[in-house]
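Each chain, letter by letter, is given below.
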Amino acid sequence: MSMPIAVAAGPAPARLRPVGGAVTEQTARAEPVDATVAENWDLVRRAQAGDTAAFGTLYDRHVDGVYRYVLLRVGDRHLAEDVTSETFLRALRRITSISYQGRDVGAWFTTIARNLVLDHVKSSRFRMEVVTEEIAESPPSEAAGTGPEQQVINRSTHDELLRCIADLGDDQRECIILRFIQGYSVSETATIMQRNEGAVKALQHRAVRRLARLLPTGFR
C-alpha cells in the first residue's frame, strides 16, 4: 500500500524541552526503556524541531498499522486510505503537542484514527464489513518453514476468525483489534479506548468468550 503524504515545509517549531539539559530522576523515569519505543520518540522530538524526514520515517513505520486498524473498523478500502491519510496530516499538525507518557507513539496515531472513525460513524450510517484479503501484510500462514498445505489451513482459520470478529459488538471488536491484531498492551488499549485497565480486561474476556462461541467447531 502506498499513500504518500506531503510534509509541509516551514519554520521549525521550538522544541518542547531543552536539548542537552541535566537528566533528573524525574526526567529519567519519563524516558522509554524499550529501544524501539525510545527510537520512535527520538524521531518525534526531531520532528518537533522541524525535521520533516523524521516525521516521514514515523509515517513509514506506522502507516500500515493505522491502515489495518481503520480497515477493520470501517470495512472500506478507499475510506480506510482517506482516514489513514487524514490521521497523519492531523498528527503532523499536532506533533508539537505530545510528549512521552509511557506508551509508544503508535498508540497516539491510532487514537487520532479512532476519533476520525467515530466522527465518520456519527455522520453516516454504514455496515461494518471486514475485508479479509487486505487485513495483514504478512498473515500468520506465511511463517517461515510452513508448507503450502498448512498455509492454506492457517489462512482459512485466519479469515474465519476475522469474519467472527466482524460479528462482535463495537466495543468488543475494537478491543480485540487493538489487543491481538494491533498488539497493543492493556494499558495502551485502555488509553486509546478511553477506559480504565480493569474495564479493558473485562471487555477482552467477554470478547474472547464470544469469539469462542462464534467460531465453528472445527476452528476452536
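Every chain begins its residue count from 1, and numbering advances along the sequence as written. The model is predicted, so local features are restricted to residues of pLDDT at least 70 and side-chain atom pairs to those at 80 or more, both for listing and for counting; the totals for chains, interfaces and linings are taken over all residues. No hydrogens and no water enter the side-chain calculation; it runs on all heavy atoms of the structure.

1. Notes on the nonpolar core
Quick reminder of the rule: By convention a nonpolar core is built from buried Ala, Val, Leu, Ile, Met, Phe, Trp, Tyr and Cys residues, the set being connected through side-chain atoms within 4.5 Å. To sort residues, take the accessible area from a 1.4 Å probe on protein chains only and compare it with the maximum for the residue type: under 20% means buried, over 50% means exposed, and anything in between is partly exposed. Strands here are runs of E lasting at least two residues and helices are runs of H or I lasting at least four, both read from the DSSP assignment and numbered beginning at the N terminus. Contacts are assigned to residue pairs that have any heavy atoms within 4.5 Å of one another.
Ranked by internal contacts, the top residues of the largest apolar core, which has 49 residues, are Val70, Val105, Trp108 and Phe109. Looking at this core, the elements with two or more residues in it are α2 (35-48), α3 (52-74), α4 (77-94), α5 (105-123), α6 (148-166), α7 (170-181), α8 (186-193) and α9 (197-214). No other element matches the 12 residues that α3 contributes to this core. In contact with valine 70, not counting residues within four places along its chain, are Gly75, Ala80, Val83, Thr84, Ala113 and Val117.

2. Concerning the environment of arginine 210
Mapped onto the fold, arginine 210 is located in helix α9. Sequence separation between arginine 210 and isoleucine 165 is 45 residues; the distance between their C-alpha atoms is 9.3 Å. Setting aside anything within four residues of it in sequence, one finds arginine 210 in contact with Leu168 and Gln172.

3. Some points on unusual backbone geometry
A positive phi angle, close to 60 degrees, is found at glutamine 194, a residue other than glycine. Within the element layout of this structure, glutamine 194 appears in the loop between α8 and α9.

4. A look at the packing of α3 against α7
Which entries qualify depends on this criterion: For every element, the axis is a line fit to its C-alpha atoms; helices are fit only across the contacting stretch, and the angle between N-to-C directions ranges from 0 to 180 degrees. Roughly parallel here means an angle under 35 degrees, roughly antiparallel means over 145, roughly perpendicular means 65 to 115, and every remaining angle is called oblique. Handedness of a crossing is defined here by the sense of rotation of the near helix relative to the far one, left-handed for an anticlockwise turn of less than a right angle and right-handed for a clockwise turn. Under the convention adopted here, Pro, Cys and the residues Ala, Val, Leu, Ile, Met, Phe, Trp and Tyr are nonpolar, Asp, Glu, Lys and Arg are charged, and Gly plus all remaining residues are polar.
Packing of α3 against α7 brings their axes to within 11 Å, and their N-to-C directions diverge by 155 degrees. Comparing the axis directions of α3 and α7 gives the class roughly antiparallel. Crossing geometry of α3 relative to α7 is assigned as right-handed. In this structure, α3 uses Arg68, Tyr69, Leu72 and Arg73 to contact α7, whose residues at the interface are Arg173, Glu174, Ile177, Leu178 and Ile181. Along the lines of polarity and charge, the residues of the contact of α3 with α7 split into 5 nonpolar, no polar and 4 charged.

5. What to know about the packing of α7 against α8
Across the interface, α7 lies against α8 with an axial gap of 10 Å and an inter-helix angle of 135 degrees. One finds that α7 runs oblique with respect to α8. Of the two elements, α7 crosses α8, and the hand of that crossing is right-handed. Residues Asp171, Glu174, Cys175, Leu178 and Arg179 of α7 touch α8, and the partners they reach there are Val186, Thr189, Ile192 and Met193.

6. Describing the side chain of threonine 189
Along the chain, threonine 189 falls in helix α8. Excluding residues within four positions of it along the chain, threonine 189 makes contact with Leu178, Arg179, Tyr184 and Val200.

7. Observations regarding the pattern of salt bridges
When the charged atoms of two side chains with opposite charge come close together, those side chains can pair. Counted only if it meets this: Note on definitions: salt bridges are taken to be side-chain nitrogens of Lys or Arg within 4 Å of carboxyl oxygens of Asp or Glu.
Inspection of every chain in the model, using the stated rule, returns 9 salt bridges. A salt bridge links arginine 46 to aspartate 42, with the nearest nitrogen and oxygen atoms 3.9 Å apart. Of this pair, arginine 46 and aspartate 42 both sit in helix α2, separated by 4 residues, roughly a single helical turn. Across the pair arginine 114 and glutamate 174 runs a salt bridge, and its minimum N-O distance is 2.5 Å. Taken together, the residues arginine 114 in helix α5 and glutamate 174 in helix α7 connect sequence positions 60 residues apart. By relative accessible area, arginine 114 is classed as buried at 9%. Connected through shared salt-bridge partners, Asp42, Arg46 and Asp51 make up one network.

8. Observations concerning the confidence of the model for the protein chain
Interpretation of this model should avoid reading the predicted coordinates in detail wherever pLDDT is low. Inclusion rule: The predictor attaches a confidence to each residue, and that confidence, scored 0 to 100, is pLDDT.
For the protein chain, the mean per-residue pLDDT works out to 74, and 67% of the residues sit at or above 70. α2 holds the highest mean pLDDT among the elements of the protein chain, 92, whereas helix α1 (residues 25-29) holds the lowest, 39. Below a pLDDT of 50 lies the segment residues 1-29, which in the model reaches 36 contacts outside its immediate sequence neighbourhood of four places, other chains included. Overall, residues 126-146 carries pLDDT values under 50, and its contacts beyond four positions in sequence, including any with other chains, amount to 46 contacts.

9. Focus: the packing of aromatic side chains
Here is the rule we go by: Only the six-membered ring of Trp is used, alongside the rings of Phe and Tyr, when aromatic pairs are assigned; centres must lie within 6.5 Å, and planes under 30 degrees apart are stacked while those over 60 apart are edge-to-face, with the rest tilted.
On inspection of all chains with the given rule, the structure shows 4 aromatic pairs. Ring centres of tryptophan 41 and tyrosine 100 lie 5.8 Å apart, and the angle between their planes is 75 degrees; on these two criteria the pair is classed as edge-to-face. Taken as a pair, tryptophan 41 in helix α2 and tyrosine 100 in the loop between α4 and α5 lie far apart in primary sequence, 59 residues in all. Taking relative accessible area as the criterion, tryptophan 41 reaches 4% and is therefore assigned buried. According to the relative accessible area criterion, tyrosine 100 is partly exposed, its value standing at 21%. Ring geometry for phenylalanine 88 and phenylalanine 109: centres 4.9 Å apart, planes at 40 degrees, overall tilted. One end of the pair, phenylalanine 88, is in helix α4; the other, phenylalanine 109, is in helix α5, and 21 residues separate them in sequence.

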